[in-house]
Amino acid sequence: MSPPVAPPGWSRWLVPPAALSVHLSIGQAYAWSVFKPPLESALGLSGTQSALPFQLGIVMLGLSAAFGGTLVERKGPRWAMTVALVCFSSGFLLSALGASLEQYWLIVFGYGFVGGIGLGIGYISPVSTLIKWFPDRPGMATGIAIMGFGGGALIASPWSAQMLESFGGDSSGIALAFLVHGLSYAVFMLLGVLLVRVPPRERPVESGPSVLAGPQVSADRAIRTPQFWCLWIVLCMNVTAGIGILEKAAPMITDFFADTSTPVSVTAAAGFVALLSAANMAGRIGWSSTSDLIGRKNIYRVYLGVGALMYALIALFGDSSKPLFVLCALVILSFYGGGFATVPAYLKDLFGTYQVGAIHGRLLTAWSTAGVLGPLIVNWIADRQEEAGRHGASLYGLSFVIMIGLLVVGFVANELVRPVDPRHHVPAPKEAAHVERQQSESA
């Protein structure tokens, strides 16, 4: 299945909505916590057990993106979006069956394994196409799409909560909510499948840059370069620092001010989580668009350098000022989202558009690593500090020092990024023939 080539006069601004329809759907993953309490109550699960579908989903996201990236490049965005639709929606339908039968392993398999494959393929499905449509503004283009993944939970959280309230929190109510999710997301993602197009020529914007401008490196060659591994470290460190706050946001702000005269209520903590989600989403479009103006290396200097400063301010003064704590956390989460949205354009600058989607897929293994590393650092240290009799902000002091160190490591790795050695480049005639062949096959 290949996407049709856009006809003359077709607006490239129709591609970002196609990508958004997929990313807003799979962004539901960030709202999984809504299902945790009813699942624990209905099926007698522990908190650790109820987190398994989400954890497996994130692991499968990284693995499917890494192993399926080359196939996505070869088959095109319409094929990739179709696979994402089938897997993500089927994951919900299997979960609905599992909840109905009260077989939790089927929910883990459906949402985590099958749905996780849909997450990974869906996440990388529009990247290469967007970059080829917007060679003049790749950061903005990928930011618009990836913003959807960060903002998907803002839609899914209240929607899921309302369904559970209407259908009930027992196993049958959960099953019905999963069923509605699966069918609704299938319809919404289908819009992207039908709308997506590939550019009709090498230069989609008149007088604009060519999609073949700059170096062109294959995915197999890219992973042999130091630039790829420097970027892997950069992404891993930036994501670890952001997810360390995101995963434990509500209890963290509650603990920080528990011993003060103005403790944080449950409602206020939930509002803080919503603010973090908004910052995550805004950072994906705002910072990635800024990278088109100041350059990718400079924007990552901001993410990593200023991020370390924000962590230092929270560690030193966070428990004495709620506005300072909230502001620093919002900035860190905006950098977290911005890092995701900017990295495809950074890869394009270094490796070209030849197989940028496949290279991006391989790089997302850094996300899988950080998804385990960040929560592990914060939760394990907080548990050990609590066992030692500490409480309040002192539960997180050591974690924040570690995060500062990781961001410094990422900053150094970013400084080491240099242009790719020409010996890794794909010869221009070969790349041109590849693009021409892809477009003729699509026609």
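Residues numbered from 1 in each chain as written. Predicted model: local features only at pLDDT ≥ 70, side-chain atom pairs only at ≥ 80, totals over all residues. Heavy atoms only, no water.

Overview of the layout of surface pockets
Then step 1. Considered as a void within the structure, the largest pocket measures approximately 1500 Å³ in volume.
Then step 2. Contributing to the lining of the largest pocket are 45 residues, with Ser33, Phe54, Leu246, Glu247 and Lys248 lying nearest its centre.
Then step 3. Elements represented by at least two residues in the lining of the largest pocket include exactly helix H2 (36-43), helix H3 (47-50), helix H4 (52-75), helix H8 (138-167), helix H11 (226-246), helix H12 (249-256), helix H13 (266-294) and helix H17 (365-387).
Then step 4. Of all the elements, H17 adds the most residues to the lining of the largest pocket, at 9 residues.
Then step 5. Class assignment for the residues of the lining of the largest pocket results in 27 nonpolar, 12 polar and 6 charged. (1 Å grid on protein atoms, 1.4 Å probe; cavity = no way out; pocket = protein on both sides within 12 Å on 5 of 7 lines; lining within 4 Å. Points joined across faces, edges and corners; volume = space filled by probe spheres on them. Helix = DSSP H or I, 4+ residues; strand = E, 2+ residues; numbered from the N terminus. Nonpolar A, V, L, I, M, F, W, Y, C, P; charged D, E, K, R; others polar.)

Concerning empty space enclosed by the protein
Unoccupied space between atoms shows up once a probe the size of one water molecule is rolled over them.
Then step 1. Across all of its chains, the model carries 1 cavity of 30 Å³ or more by this definition.
Then step 2. In this structure, the largest cavity encloses a volume near 40 Å³.
Then step 3. Around the largest cavity sit Asn238, Ala241, Gly242, Tyr303, Gly307, Ile332, Phe335, Tyr336 and Leu407, which together line it.
Then step 4. When residues of the lining of the largest cavity are traced back to their parent elements, those giving at least two are H11, helix H14 (296-317) and helix H15 (322-351).
Then step 5. Its residues assigned to classes, the lining of the largest cavity comprises 6 nonpolar, 3 polar and no charged.

Looking at the pattern of salt bridges
Then step 1. Inspection of the entire model under this criterion finds 9 salt bridges.
Then step 2. Note that aspartate 136 is salt-bridged to arginine 12, the shortest N-O span being 3.0 Å. Taken together, the residues span a long stretch of sequence, with aspartate 136 in the loop between helix H7 (127-133) and H8 and arginine 12 in the segment before helix H1 (15-26) at a distance of 124 residues.
Then step 3. Taking the shortest distance from any N to any O, the salt bridge between arginine 423 and aspartate 421 comes out at 3.8 Å.
Then step 4. Relative accessible area serves as the criterion here: at 60%, arginine 423 is assigned to the exposed category.
Then step 5. In the salt-bridge network here, residues are joined through shared partners; they are Arg12, Asp136 and Arg137. (Salt bridge = Lys/Arg side-chain N within 4 Å of Asp/Glu carboxyl O. Buried < 20%, exposed > 50% of the residue type's maximum accessible area, 1.4 Å probe, protein only.)

Let's talk about the packing of aromatic side chains
Then step 1. On inspection of all chains with the given rule, the structure shows 32 aromatic pairs.
Then step 2. Both rings, one in tryptophan 159 and one in tyrosine 185, keep their centres 5.7 Å apart while their planes meet at 90 degrees; by these two values the pair is edge-to-face. Of this pair, tryptophan 159 sits in helix H8 while tyrosine 185 sits in helix H9 (residues 171-195); the two residues are 26 residues apart in sequence, bridging distant segments of the chain.
Then step 3. For tyrosine 185, a relative accessible area of 7% puts it in the buried group.
Then step 4. With a centroid separation of 5.8 Å and 80 degrees between ring planes, the pair formed by phenylalanine 257 and phenylalanine 325 is classed as edge-to-face. (Phe/Tyr/Trp six-rings, centres within 6.5 Å; stacked < 30°, edge-to-face > 60°.)

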